[in-house]
Amino acid sequence: MHDIATIRREPEAFDAGLARRGAEPVSTKLLDLDARRRAVLTELQDAQNRRNAASKAIGQAMSKGDTDEAERLKAEVSELKAATLPHLEEQSRTIGGELDDLLARIPNIPAEDVPDGMGEEENVELSSWGEKRSFDFEPREHADIGPALGLDFEIGADIAGARFTFLRGGIARLHRAIGQFMLDRQVNENGYLECNPPVLVRDAAMFATDKLPKFAEDSFQTTDGRWLIPTSEVSLTASVMGKIIEGEFLPLRLTALTQCFRSEAGAAGKDTRGFIRQHQFEKVELVSIVRPEDSEAEHDRMTACAEGVLQSLGLPYRKMLLCTGDMGFGARKTYDLEVWLPGQGAYREISSCSNTGDFQARRMNARYRPERGGKKTEFVHTLNGSGLAVGRTLVAVLENYQNADGSVDVPEALHPYTGGLTRLVPE
């Protein structure tokens, strides 16, 4: 959510920021609504003042025996209460709602160092890590390796439909091991606080994390109006919704391993084969709540925490700085980590770490108090990232650790989590 006062001060800069994202200028419409709302609020305040003054004057008129004046004042108060005030209050609600709805649909303004561009082709590679494995056979995609190892796409589809998969045996154990390993690493080595949040949330939590109203079709909603979380970013970030945090307790670093659910409404025809893009998946999420002056450094730290998982598993990857046209709605700056998949001969996204600035904090009114006992409060900055997506990490392990006979070696870092399982062997 954007600050209308800032837009008032710098409308041209606001529109210029939107233009970098390919969005139309909107400051004129916003400021028109804002001016109308403020004019109505002024009228409303004046009417309330007249009502209060007239109510007080009734008693004074009565004490003087001026019944005609008292009756006139009573009629004025009655008119104000019955018609004028309700009309102005309704106008204020209507215009304010229209303004808030428009503000809620406007994406975040990109940071100055984000490169301009319209799509992923214009993202910038910042670094790469690891050597791509040389195979003495033609490496296969995970969708070809997986079925013989217990990655059953057919049963998943029979039970639930497209983009669902049934895992059994060793590969189910490996999937569980990956999630547990990543969660332990983020807690024990990187200082994140482990959480077990709800995966069903109300509208307010989805709105706070910019998933509503614009992206409702991308998520699943239950019959009682709750939402299945597309990522635990929603639950973790919304845990500070409406709160004022003492500055001394920042940063807050939260993590969770949860099921996530996405309708993939905008992904028709993309990754329909395999385990890359599922309606139901698991992910270790990283969320940070920080002071504004610390958010840039925290963004680098969070991304490094995600990178550490890939490095510990020996998976080659590259770090990308997303351009303005490829960033998420709420992000002001995003780093993507793309893991190398030799079966596909391509890098694929496995983590996305974003700094949203105060964009989400304004939507959920999350503040901190810089000085204990002080009255002044400021909006926090929020950050989120994957540390990592479990299913995509499993895909990367299958493709990078495959053998010619169809077996897959388990990375050494996962051995403490697999109960002695060091290799997946075809059934």
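Here the structure is a predicted model, which means the values were calculated and not measured. (Residues numbered from 1 in each chain as written. Predicted model: local features only at pLDDT ≥ 70, side-chain atom pairs only at ≥ 80, totals over all residues. Heavy atoms only, no water.)

Considerations on helix α10 (residues 295–312)
Quick reminder: α-helices carry 3.6 residues per turn. Residues three or four places apart thus point the same way.
Thinking step 1. Its 18 residues place the ends of α10 26 Å apart at the C-alpha level, agreeing with the 26 Å of an ideal helix rising 1.5 Å per residue.
Thinking step 2. Within α10, the full set of buried residues consists of S295, E298, H299, M302, T303, C305, A306, E307, G308, V309 and L310.
Thinking step 3. Positioned one or two residues after α10, G314 has a phi angle of 70°, which is positive. (Helix = DSSP H or I, 4+ residues; strand = E, 2+ residues; numbered from the N terminus. Expected span 1.5 Å × (residues − 1). Buried < 20%, exposed > 50% of the residue type's maximum accessible area, 1.4 Å probe, protein only.)

Description of the UniProt feature "binding site: ATP" (unreviewed entry) in the protein chain
Thinking step 1. In this numbering, the UniProt entry assigns the feature "binding site: ATP" (unreviewed entry) to R262, S263, E264, E349, I350, S351 and S352.
Thinking step 2. In contact with R262, not counting residues within four places along its chain, are D218, F220, P230, T231, Q278, H279, F281 and K283.
Thinking step 3. Along the polypeptide, I350 turns up in strand β12 (residues 346–355).
Thinking step 4. Assessed through its relative accessible area of 2%, I350 is described here as buried.
Thinking step 5. Setting aside anything within four residues of it in sequence, one finds I350 in contact with L310, L337, E338, V339, S386, L388, A389, R392 and T393. (UniProt positions renumbered as here; feature names shortened; annotations may be inferred. Contact = heavy atoms within 4.5 Å.)

Section: unusual backbone geometry
Thinking step 1. Cis geometry is found at the peptide bond from L212 to P213, where omega equals 5°.
Thinking step 2. Cis geometry is found at the peptide bond from G387 to L388, where omega equals 20°.
Thinking step 3. If you trace the backbone, L388 turns up in strand β15 (residues 381–389).
Thinking step 4. Positive phi outside glycine occurs at D210, with the angle close to 60°.
Thinking step 5. Position of D210 among the secondary structure elements: in the loop between α8 (203–208) and β6 (227–228).
Thinking step 6. Overall, the relative accessible area of 7% leaves D210 in the buried class.
Thinking step 7. Residues other than glycine seldom take positive phi values, yet N365 does so here, at roughly 55°.
Thinking step 8. Position of N365 among the secondary structure elements: in the loop between α11 (359–364) and β13 (367–369).
Thinking step 9. N365 gets classed as partly exposed once you look at its relative accessible area, which sits at 38%.

Here's the deal with the nonpolar core
Thinking step 1. Counting 40 residues, the largest nonpolar core has L174, I178, M182, L310 and L398 as its most contacted members.
Thinking step 2. Every element with two or more residues in this core is listed here: α7 (170–188), β9 (280–290), α10, β11 (333–341), β12, β15 and α12 (390–400).
Thinking step 3. Filtering out sequence-adjacent residues up to four positions away, L310 remains in contact with W129, L315, Y317, L337, V339, I350 and L388.
Thinking step 4. Within the second largest apolar cluster, 20 residues are counted, among which are I4, V40, L80 and L103. (Core = buried A, V, L, I, M, F, W, Y, C linked by side-chain atoms within 4.5 Å.)

Things to note about the packing of α7 against α10
Thinking step 1. Taken N-terminus to C-terminus, the directions of α7 and α10 make an angle of 130°; their axes are 10 Å apart at the nearest point. By the angle class used here, α7 and α10 are oblique. The chirality of how α7 crosses α10 is right-handed. In this structure, α7 contributes F181, M182, R185 and Q186 to the contact, and α10 contributes C305, A306, G308, V309 and S312.
Thinking step 2. Here the residues of the contact of α7 with α10 are counted per class, giving five nonpolar, three polar and one charged. (Axes fitted to C-alpha atoms, helices over the stretch in contact; angles between N-to-C directions. Parallel < 35°, antiparallel > 145°, perpendicular 65-115°, else oblique. Left-handed = near helix turned anticlockwise from the far one by under 90°. Nonpolar A, V, L, I, M, F, W, Y, C, P; charged D, E, K, R; others polar.)

Comments concerning the state of the cysteines
Thinking step 1. Under the criterion given, the structure shown has zero disulfides.
Thinking step 2. Here C195 is not cross-linked by a disulfide; its sulfur's nearest cysteine counterpart is in C260, at 14 Å. (Disulfide = S-S within 2.5 Å.)

With respect to the sheet that holds β15
Thinking step 1. Spatially, the eight strands line up as an open sheet ordered β1-β10-β11-β12-β15-β9-β8-β4, and their pairing is mixed. Strand pairing shows two members of the sheet lacking a second neighbour, β1 (124–129) and β4 (193–194), which therefore form its edges.
Thinking step 2. Sheet topology places strand β8 (residues 252–261) next to β9; 10 bridges connect them, and they run antiparallel. Note that in β9 the partner of Q259 across the bridge is E282.
Thinking step 3. Of the strands in this sheet, β4, β8, β9 and β15 touch α7, which is tilted by about 165° from β8.
Thinking step 4. Across the sheet, α12 touches β8, β9, β11, β12 and β15, and the angle it forms with β15 is around 40°. (Pairing = 2+ DSSP bridges.)

Some words on the sheet that holds strand β14 (residues 378–379)
Thinking step 1. In space, the three strands of this open sheet follow the order β7-β13-β14, with mixed pairing throughout. Each of the sheet's edge strands pairs with one partner strand only, and the pair in question is β7 (244–246) and β14.
Thinking step 2. With two bridges connecting them, β13 and β14 associate as antiparallel partners. Bridged to Y368 within β14 is E378.

Points about the packing of aromatic side chains
Thinking step 1. With the rule as written, the count across this model stands at six aromatic pairs.
Thinking step 2. Taking the centre distance of 6.0 Å and the plane angle of 75° together, the rings of F181 and Y417 count as edge-to-face. Of this pair, F181 sits in helix α7 while Y417 sits in the loop between β16 (408–409) and β17 (423–424); the two residues are 236 residues apart in sequence, bridging distant segments of the chain.
Thinking step 3. Judged by relative accessible area, F181 falls into the buried class, the value being 8%. (Phe/Tyr/Trp six-rings, centres within 6.5 Å; stacked < 30°, edge-to-face > 60°.)

Re the pairing of β11
Thinking step 1. Across the nine residues of β11, nine count as buried, placing the element largely inside the fold.
Thinking step 2. In β11, alternate side chains face the same way, and those of K333, Y335, L337, V339 and L341 on one face and T334, D336, E338 and W340 on the other are all buried.
Thinking step 3. Note: strand β10 (residues 317–321) against β11, five bridges, orientation antiparallel. When the sheet's bridge partners are listed, L321 is paired in β11 with Y335.
Thinking step 4. Where β11 lies against β12, nine bridges are found, and the strand directions are antiparallel. Its bridge partner being in β12, W340 is matched across the sheet by Y347.
Thinking step 5. What sits between β11 and β12 in their antiparallel hairpin is a turn of four residues, with G345 showing a positive phi close to 65°.

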